[in-house]
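Residue-level structural notes
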Amino acid sequence: AQSVTQLDSQVPVFEEAPVELRCNYSSSVSVYLFWYVQYPNQGLQLLLKYLSGSTLVKGINGFEAEFNKSQTSFHLRKPSVHISDTAEYFCAVSDRVTPLVFGKGTRLSVIA
Amino acid sequence: DSGVTQTPKHLITATGQRVTLRCSPRSGDLSVYWYQQSLDQGLQFLIQYYNGEERAKGNILERFSAQQFPDLHSELNLSSLELGDSALYFCASSVGRGVSYNEQFFGPGTRLTVL
């Protein structure tokens, strides 16, 4: 069975600074990978997904993530964050058959 | 706005009681998923329905049950409630039957508090 580890539960960062949110997964088979964002008092929203092809995936709001098969990682990055990026970010994995497995989330706090 | 609606937004009830949470998927989506989000367990997949049929099952307790009706709305029934069932319950929908690659659109959630 697959699992997801988000290495940081909280990440504070100053406005306009770069950020990386880390995600590692474990699976014995090929996977689909996702990042979702949850703004305060809202449901989750898809940021980006990796299904196949290019390992660098671009998503909404200037975020991107890189799939690294050898490191079993799918880290999320943004070169310059805004206050509005303050939210909880969830990494999720699927082995293409079973439902999504979510990580515990990383709370990104952008400081003015 | 994802297009997925959930009612009620908040629910406060007592231990031992039974509640029903309701979800209407986005127009055209045939799959409905239910998740439970709590501080200690994170976001846990409970169950998926596709066009009225159960498609996949996750960590859903026997005290919980769900169904999807012909108009595609879904209900999650929670019975014999315990304090530990207090959580945020999300519904999501997607267009296809596949559990993995389709984007899921999440509703705003129902916050259940069991006293």
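**Focus on the pattern of salt bridges**
Residues and elements named next belong to chain A. All chains considered together, the criterion is met by ten salt bridges over all chains. Salt-bridge contacts for Lys58 lead to Glu64; the nearest nitrogen and oxygen are separated by 2.8 Å. In this structure Glu64 comes out as partly exposed when scored by relative accessible area, which is 21%. The partner of Asp85 in a salt bridge is Lys78, and the shortest N-O contact between them spans 2.8 Å.

**Description of unusual backbone geometry**
Phi is mostly negative for residues that are not glycine, and the peptide bonds are mostly trans. Residues and elements named next belong to chain B. Omega for the bond connecting Thr7 with Pro8 falls within 30 degrees of zero, at -10 degrees, which places this linkage in the cis form. Mapped onto the secondary structure, Pro8 falls in the loop between strand E1 (5-7) and strand E2 (10-13). Phi at Leu72 is positive, roughly 80 degrees, even though this residue is not glycine. Relative to the helices and strands, Leu72 is located in the loop between strand E7 (64-68) and strand E8 (74-78). Taking the relative accessible area as the measure of exposure, Leu72 reaches 17% and is therefore buried.

**A short note on the side chain of Lys78 of chain A**
Residues and elements named next belong to chain A. The topology assignment puts Lys78 in strand E9 (residues 73-78). With relative accessibility at 7%, the residue Lys78 sits in the buried group. A distance of 2.8 Å separates a polar side-chain atom of Lys78 from the backbone oxygen of Asn61. If we ignore the near neighbours within four places in the chain, the residues touching Lys78 are Ala17, Pro18, Val19, Asn61, Gly62, Phe63 and Asp85.

How each quantity is defined
Residues numbered from 1 in each chain as written. Chains lettered and ligands numbered in written order. Predicted model: local features only at pLDDT ≥ 70, side-chain atom pairs only at ≥ 80, totals over all residues. Heavy atoms only, no water. Salt bridge = Lys/Arg side-chain N within 4 Å of Asp/Glu carboxyl O. Buried < 20%, exposed > 50% of the residue type's maximum accessible area, 1.4 Å probe, protein only. Helix = DSSP H or I, 4+ residues; strand = E, 2+ residues; numbered from the N terminus. Polar contact = N/O pair within 3.5 Å; in protein donor to acceptor, adjacent residues only side chain to side chain. Contact = heavy atoms within 4.5 Å.

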